[in-house]
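Chains, contacts and geometry: an overview
What follows is the residue order along each chain.
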Amino acid sequence: IIGGGIVGITTAYYLVKSGINCLVIEKDALGSHASGFAYGSIGASKLQGLNYPLALKGCSLHNELNEFLTRETNIDIQYRVKSSIKLAFNEEEKEFLSNSISSEFKEDKRNQFNWLEPSQIFSFEPNVSKEVIGGVLQKHSLDVDPYKLLLALYEVCERRGVKLVNSEVIDLKIPHSDSPLITLGNNIQISCEKIVVSMGPWTQNLSNWINVKMPIKPLKGQILRLEMPGIMKNCSLSWSGNYADLKGDGLIWTGTTEENEGFNETVSDEGRTQIMQSAIKMIPCLERAKVVLQTACLRPMAPDNLPVLGKLDNYPHIYIATGGLRSGITLGPAMGKIISE
């Protein structure tokens, strides 16, 4: 398995659980890219379109993983249920959210969605902007600490015999009628029966190794972690693709950006300003918050914004699992389970 993010680690977990030995190759420390720096929201909505069935499967598997990992490890992955509110600041946003409730949210019998007037929103979170004109309450929103989730998953995998090799793959060959051959950066070669490529945006490197076009691109996203005691204890907030949530570390995580900057993973002043403007739009008092940490990561994006998942027709030894984009944590376990099967 090339790639130690959420998809690669869950693939390893489900493989070894079914008795199949595997090796994970990760060029950097575990969780040092998108999966480890993600927001960690978990959810399925029909607004996800073709990803909706995969997201439903992901939500179910996350619940199973939480129960198992809580028993098997001493790592608190901070999986939790919490109310969330999608905010509307104008009539167009209000109409969109209202239509969402009537057209698809009511079909979700496992969840509860309600329209809230401003006074009701303020009862959940008094610090919400007084410019809000309403919002949708989701009573059973889920999230997790992605980095701790990865650590817990790998701890279980390691106990069951999965090995993690910290090295970069520099070549991959499929000799005629022979086993695939992986060459690492230190010129060590590994022979295997099957290969899972789950390298996030770096999956495009496959195009350099074998004759297959893999048009996966990086989409940069930045997140701020803010210190502002005494607020957001009852719910998380979102607006127009932006969010703010008091996480288990006691900090408010808020973001995010969508930047086409190639493989540039550095944080920027522009990203910080954009995120703070969105956060202050939702919660004006965050203007006084202390920025504790700013992170950036690269999400894998396919041309149609859908996951790339399955076996290559011309290379039956190779399986591809990437393209979760902004839903990587939600979709990851489902992608890993499907590939393992």
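It should be noted that the structure appears before, not after, this text.
The following refers to the structure shown. Source: prediction; values computed, not measured.

1. Points about the packing of helix α1 (residues 6-17) against helix α6 (residues 146-159)
- The contact between α1 and α6 brings their axes to 9 Å, and the two run at 30 degrees. Comparing their axes, α6 and α1 come out roughly parallel. When the axes of α1 and α6 are compared, the crossing they make is left-handed. Residue-level inspection shows Ile6, Ile9, Thr10, Ala12 and Tyr13 of α1 in contact with α6, the latter providing Leu149, Leu150, Leu153, Tyr154, Val156 and Cys157.

2. Let's talk about the pattern of salt bridges
- Across all of its chains, the model carries 10 salt bridges by this definition.
- Linking Arg159 and Glu72 is a salt bridge whose minimum nitrogen-to-oxygen distance equals 3.9 Å. Here Arg159 is found in helix α6, whereas its partner Glu72 is found in helix α3 (residues 52-72), with 87 residues between them in sequence.
- Note that Glu261 and Lys220 form a salt bridge whose closest N and O atoms lie 3.1 Å from each other. In this pair, Glu261 sits in the loop between β14 (252-255) and α8 (269-282) while Lys220 sits in strand β11 (residues 217-227), placing the two residues 41 residues apart along the sequence.
- The class of Glu261 is partly exposed, set by a relative accessible area of 37%.
- Judged by its relative accessible area of 1%, Lys220 is buried.
- Through salt bridges with shared partners, a single ionic network connects Arg80, Lys82, Asp143 and Asp245.

So, how was this worked out
- All residue numbers refer to positions counted from 1 along the written sequence of the respective chain.
- Given that this is a predicted model, residues contribute local features only at a pLDDT of at least 70 and side-chain atom pairs are listed and counted only at 80 or more, while totals for whole chains, interfaces and linings are drawn from all residues.
- Just so you know, side-chain values use all the structure's heavy atoms and leave hydrogens and water out.
- Only C-alpha atoms enter the line fits that serve as axes; for helices the fit covers just the stretch in contact. Angles between N-to-C directions range over 0 to 180 degrees.
- Secondary structure elements are taken from DSSP: a helix is a run of H or I of four residues or more, a strand is a run of E of two residues or more, and numbering for both begins at the N terminus.
- Comment on the angle field: the value is read as roughly parallel under 35 degrees, roughly antiparallel over 145, roughly perpendicular from 65 to 115, and oblique elsewhere.
- For a crossing to be left-handed, the near helix must be turned anticlockwise from the far one by less than a right angle; the clockwise case is right-handed.
- Contact definition: two residues touch when any of their heavy atoms are within 4.5 Å.
- Take a side-chain nitrogen of Lys or Arg and a carboxyl oxygen of Asp or Glu: if they are within 4 Å of each other, that pair is a salt bridge.
- In this scheme, a residue with accessible area under 20% of its type's maximum is buried, one over 50% is exposed, and one in between is partly exposed, where area comes from a 1.4 Å probe on protein chains only.

Everything listed here is a matter of coordinates, which is why it stays silent on function.
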